[in-house]
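# Observations on the model geometry
These are the residues of each chain, in order.
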Amino acid sequence: MHRQILDKIKHYSKIVIHRHVRPDPDAYGSSIGLHMLLKHNYPEKEIYVTGKHDLTLDYLAKPMVVPDSAFENALIIVTDTANTERIDDERYKKGEFLIKIDHHPNEDPYGDIVYVDTQASSASEIIYSLFKTGEQQEDWTLPDQAARLLYAGIVGDTGRFMFTSTSLKTMSYAGELMGYDFDRTKLFNEMYEVSPNVLKLKGYVYENFEMKNGIGHVKLSKRLLEEYGVSQSEASLLVSALADVQGMRAWVFFIEDSESIRVRLRSKGPVINGIAKKFNGGGHPLASGATIYEWNEVEDVLNEMYHL
Ligand SMILES: [Mn+2]
């Protein structure tokens, strides 16, 4: 598989790299890291990395503004993206040859080459393994800034090497990446520092959540968020905060915005996406979202949760 991908990279003079919408560090790490790697080893080729820039990832790198002409007769490589609906920048369809490189379950095996390794912790880990083959077979070298991006992608997707997706291979690759010249302390600060307002709201969550039969919930009204100076999307990031509560089986955040109340459901075991579906939502078995329109519907959601 690596050899096939290397041959395609060598063959094409134009390459465009894509990743998924609403990017995370692994999306940036794998796509922009691959871009830096290829640009460094094939300076004569036209190589682009596309997708809408996310300001919260500004510290990592920036994608490029890619002209339409870039896609004609181009090799397209999509990283970290399970299905075509989630590919950022629809122009991937205009390319000549498509390669999917991913670590999510391969439910949508799009592409002329489909390289999916669900054992890999991250797409960045796969890109690093591709680099190692390129190093052996094509004398590739990895620029320090590309190493920094791949490291950030692995750190992001493994929750700082904590999730069970972290393998012996992940750790040995991360160890090798640490040998490159970049500032890891600075990178960790950039990835994990949180604004004082959000941390104070987290304090409110810990102070005010309720728990019954292992089901937790907290209500964050619009007025409260205004008081704390935290946006609805920032507040949503706090939903994992209740995972560490002893005895917690599943929990829900009710977060009000201008027209509705967003319901964010999380679970450590009981399947909750059925409940999300009943309240105008859906999602994964252990992480779903729904929407209600009145505070008095909170009880309806909780009653469903208590029956888990
Ligand atoms: Mn990923």
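As a reminder, the structure under discussion sits directly above these lines.
I will try to describe carefully the structure that is included in this document. Per chain, the residues get numbers from 1 upward, laid out in the order the sequence is written. For a predicted model such as this one, the threshold for reporting local features is a pLDDT of at least 70, and the threshold for listing and counting side-chain atom pairs is 80 or more; totals across whole chains, interfaces and linings nevertheless cover every residue. To get the side-chain values, take all heavy atoms of the structure and skip hydrogens and water.

### Side note on the nonpolar core
Within the largest apolar cluster, 46 residues are counted, with the highest numbers of intra-cluster contacts made by Ile 9, Ile 15, Leu 38, Ile 77, Ile 101 and Leu 142. Sorting elements by how many residues they give to this core places helix H4 (residues 144-157) first, with eight residues. Among residues more than four places away in sequence, those in contact with Ile 15 are Ile 9, Leu 38, Lys 45, Glu 46, Ile 47, Tyr 48, Leu 75 and Ile 77. Core analysis: the next-biggest nonpolar cluster, separate from the first, contains 18 residues, Ile 215, Phe 254, Phe 279 and Tyr 306 among them. Here, the term nonpolar core denotes a set of buried Ala, Val, Leu, Ile, Met, Phe, Trp, Tyr and Cys residues that are joined through side-chain atoms within 4.5 Å. In this scheme, a residue with accessible area under 20% of its type's maximum is buried, one over 50% is exposed, and one in between is partly exposed, where area comes from a 1.4 Å probe on protein chains only. In this description a helix means any DSSP run of H or I spanning at least four residues, a strand means any run of E spanning at least two, and both kinds are numbered starting from the N terminus. Contacts are assigned to residue pairs that have any heavy atoms within 4.5 Å of one another.

### A short note on unusual backbone geometry
Backbone geometry at Arg 22 places phi at a positive 45°, although glycine is not the residue there. Counting through the fold element by element, Arg 22 comes out in the loop between strand S1 (14-18) and helix H2 (25-41). On the basis of relative accessible area, Arg 22 is assigned to the exposed category, the value being 68%. In this structure, Asp 89 takes a positive phi of about 85° despite not being glycine. On the secondary structure map, Asp 89 appears in the loop between strand S3 (75-79) and strand S4 (97-102).

### Thoughts on the side chain of Asn 273
Note on placement: Asn 273 falls in helix H10 (residues 273-278). When residues no more than four places from it in sequence are discounted, the contact partners of Asn 273 are Gly 283, His 284, Pro 285 and Ser 288.

### Some details on the sheet that holds S3
In short, DSSP must find at least two bridges between two strands for them to pair. Reading across from one edge, S2-S1-S3-S4-S5 is the order of the five strands in this open sheet, with parallel pairing throughout. Strands at the two margins of the open sheet, each flanked by one partner only, are strand S2 (46-49) and strand S5 (113-116). Sheet twist, expressed as the average angle between the axes of neighbouring strands with direction ignored, equals 15°. For S1 and S2, the ladder comprises four bridges, and the chain directions are parallel. In the sheet register, Ile 17 faces S2, and the bridge partner there is Val 49. Together, S1, S2 and S3 form the strand contacts of H2, whose direction differs from that of S2 by roughly 165°. Convention adopted: a line fitted to C-alpha atoms gives each axis, helices being fitted over their contacting stretch, and angles between N-to-C directions are expressed from 0 to 180 degrees.

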